[in-house]
Amino acid sequence: MSAGSNILFKLSGSIAAWKACAVISQLVKDGHQVQAVATEAALRFIGPATLEGLTGRPVLSDLWARGAAMEHINLVKWADLTILCPATANTINRFAAGIADDLVGSLFLAHNRTRPYLVAPAMNPAMWAHPATAASVETLRSWGVNVLPVASGRLACGDEGAGRMIEPEAILVAIRTALAQGRGEVPRTSARLRVLVTSGGTEEPVDGVRSLGNFSSGRTGALIADTLAALGHEVTLLRGGRSARPAFVQDVRAYTAFSDLQAALRTMLAEERFDAVVHAAAVGDYAVDGVSVDGAAATVGRGKIESGREVRIHLRPTPKLVDHLKGWSANPDLKVVAFKLTRGADEAAARAAVEHLFAHSGADAVVHNDLESAGAEPDAFPATLWPRGGEPLVFATRGQLARGLGRFLLTHAAEARPAAEASHP
Ligand SMILES: Cc1cc2nc3c(=O)[nH]c(=O)nc-3n(C[C@H](O)[C@H](O)[C@H](O)COP(=O)(O)O)c2cc1C
């Protein structure tokens, strides 16, 4: 948990201000000090009492408030991270023009640019697509501001398209990742890797309404994908159809059965040049080969077997996908992170399982976790990252593991890329 940072949370006048309250509430629960600063328009959407109640501090808005005349200088010194959320078209365009006619704008110009500044845009699709806004976003990015992506869909105004603010969970991923960078947990770099993350579990159809699956929630894979995307990498998540959805990653594809996952991996690795695969999916070791009902063969994956029948399912072992990833890859330097889950394994058994996986997969790292050690909190799932030939690194939570993998990939996959390709355009 990234406890105890000072966060300057600015709000501008969008209907999405209510979502910002969910972000603030969680940041306070995480143990951070949050100071809200709102534009005049923001305070028409959300009352000062709400912001004060959530943060435990009076909300600041007026550049000329008595006794607060130097707040814009003091607050930038205080803040470990600043975020504008929601960010209106107006405030984004004002920032890009360097206009400092209110407290939010003055704080932007006075910002200590060695510290992270995040912007979560929220606006109507026409405002987002307007050349003025597009140019301002580019300008802010060129100054090192982390302008987060927008979501597509139906907006409060009834219009459809890109411009909606991303969900609170996605904004929290971005903030936590930026704070981890600020603490030096993950290096800041311009290296932009193309990473494929697999998550969730395979499901083998029995008849047309039933399947055999496994306990994978897909949460670890989704969080790894989100964290890598928040670090600036280009991430594709290939997720089991029922597994956790990412909050942040935009390029999400789905699979169901082993055969879908195998076909997707083969095609994607051959056709797209990935730098790394983080293969967190729980791949079923067995696929349904045949089903018989009351002694008669039934067609796998079709119809519905009536209740009360005697059903026999024949399973065949599936090949280990992780062993083939490098062979399928168009990139001969592909880095592979494999996962080994055990249940109730002692240290020696866990180590033997990891060594066996290294031996047959050729993986560059193996993440081991044991289902018995999963905690009650969703994030609490200890894991050990074993780099090939290196010392193991232990992480207490999924979030720490995700950031640890971010660090691992930067030192291993980024090094393998030609310098010109590794940085942002
Ligand atoms: C109901 C309503 C909803 C609005 N929602 C947005 C919005 O989501 N995004 C946006 O850029 N502007 C939105 N606006 C317009 C801004 O509030 C307006 O441009 C305002 O001047 C922004 O001021 P500020 O950027 O200083 O907060 C909305 C206006 C109204 C009346």
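Residues numbered from 1 in each chain as written. Predicted model: local features only at pLDDT ≥ 70, side-chain atom pairs only at ≥ 80, totals over all residues.

(A) Molecular detail of the pairing of strand β8 (residues 194-199). For β8, the tally of buried residues reaches five of six residues, placing the bulk of the element in the interior. By the bridge criterion, six bridges tie β8 to strand β11 (residues 234-240) in an arrangement that is parallel. Considered in β11, the bridge of Thr-198 is made with Leu-238. In terms of strand pairing, β8 meets strand β13 (residues 276-279) through four bridges, oriented parallel. Within the sheet, the bridge partner assigned to Leu-196 lies in β13 and is Val-277. (Buried ≥ 20, exposed ≤ 12 C-beta atoms within 10 Å, placed from the backbone. Helix = DSSP H or I, 4+ residues; strand = E, 2+ residues; numbered from the N terminus. Pairing = 2+ DSSP bridges.)

(B) Highlighting the packing of helix α1 (residues 17-29) against helix α9 (residues 168-182). Where α1 contacts α9, the two axes come as close as 9 Å, and the packing angle between them is 45°. Here α9 runs oblique to α1, going by the angle between their axes. As for the relative orientation of α1 and α9, their crossing is right-handed in sense. Within the contact between the two elements, α1 uses Lys-19, Ala-22, Val-23, Gln-26 and Leu-27 and α9 uses Pro-168, Ile-171, Leu-172 and Ile-175. Per-class residue counts for the contact of α1 with α9 are seven nonpolar, one polar and one charged. (Axes fitted to C-alpha atoms, helices over the stretch in contact; angles between N-to-C directions. Parallel < 35°, antiparallel > 145°, perpendicular 65-115°, else oblique. Left-handed = near helix turned anticlockwise from the far one by under 90°. Contact = placed C-beta atoms within 7 Å. Nonpolar A, V, L, I, M, F, W, Y, C, P; charged D, E, K, R; others polar.)

(C) Highlighting the site of the ligand. Around the ligand, 15 residues are found, and the nearest of them are Ser-12, Gly-13, Ser-14, Ala-41 and Thr-88. In terms of residue count, the dominant contributor to the shell around the ligand is helix α5 (residues 89-96) (three residues). Here the shell around the ligand is composed, by residue class, of eight nonpolar, seven polar and no charged. (Near = placed C-beta within 6 Å.)

(D) Spatial organisation of the environment of Arg-407. Secondary-structure assignment places Arg-407 in helix α14 (residues 398-416). For Arg-407, a count of 16 C-beta atoms within 10 Å puts it in the partly exposed group. Between the C-alpha atom of Arg-407 and that of Leu-231, which follows or precedes it by 176 residues, the distance is 9.9 Å. Contacts of Arg-407, omitting those with residues within four sequence positions, involve Val-186 and Pro-187.

(E) Here's a closer look at the sheet that holds β13. Spatially, the eight strands line up as an open sheet ordered β12-β11-β8-β13-β17-β18-β19-β20, and their pairing is mixed. Each of the sheet's edge strands pairs with one partner strand only, and the pair in question is β12 (251-255) and β20 (393-395). When strand polarity is set aside, the average angle formed by the axes of neighbouring strands in this sheet is 20°. Here helix α10 (residues 219-230) sits on the sheet and contacts β8, β11 and β13; the angle it forms with β8, its principal contact strand, is near 165°.

(F) A look at the packing of α5 against helix α8 (residues 131-142). Across the interface, α5 lies against α8 with an axial gap of 9 Å and an inter-helix angle of 55°. Judged by the inter-axis angle, α5 sits oblique to α8. The way α5 lies across α8 gives a crossing that is left-handed. In this structure, α5 uses Ala-89, Ile-92, Asn-93, Phe-95 and Ala-96 to contact α8, whose residues at the interface are Ala-132, Thr-133, Ser-136, Val-137, Thr-139 and Leu-140. Partitioning the contact of α5 with α8 into residue classes produces seven nonpolar, four polar and no charged.

(G) Broad picture of the sheet that holds strand β15 (residues 296-298). Read from one edge to the other, the open sheet built from three strands follows the order β15-β14-β16, with strand pairing classed as antiparallel. Since the sheet does not close on itself, it has two edges, and those belong to β15 and β16 (311-317), each with one partner. Taken over all neighbouring pairs, the strand axes of this sheet differ in orientation by 35° on average, direction set aside.

(H) Region of interest: the domain arrangement of the protein. When the domains of the protein are assigned, the result is domain 1 (6-182) and domain 2 (194-284 + 320-422). For domain 1 and domain 2, the distance between their C-alpha centres works out to 33 Å. Each side of the interface is counted separately: domain 1 has 10 residues, and domain 2 has nine residues. A per-class count over the side of domain 1 that touches domain 2 returns six nonpolar, one polar and three charged. (Domains from an automatic or database assignment.)

(I) Quick peek at the confidence of the model for the protein. Of the residues in the protein, 96% have a pLDDT of 70 or more, and the chain-wide mean is 92. Counted against residues more than four places away or in other chains, residues 420-425, with its pLDDT under 50, gives eight contacts. (pLDDT = per-residue confidence, 0-100.)

(J) Representation of the pairing of β11 in the model. With respect to burial, β11 is a largely interior element, six of its seven residues being buried. Pairing analysis gives five bridges linking β11 to β12, with the strands arranged parallel. Opposite Leu-238, over in β12, you have Arg-253 as the bridge partner.

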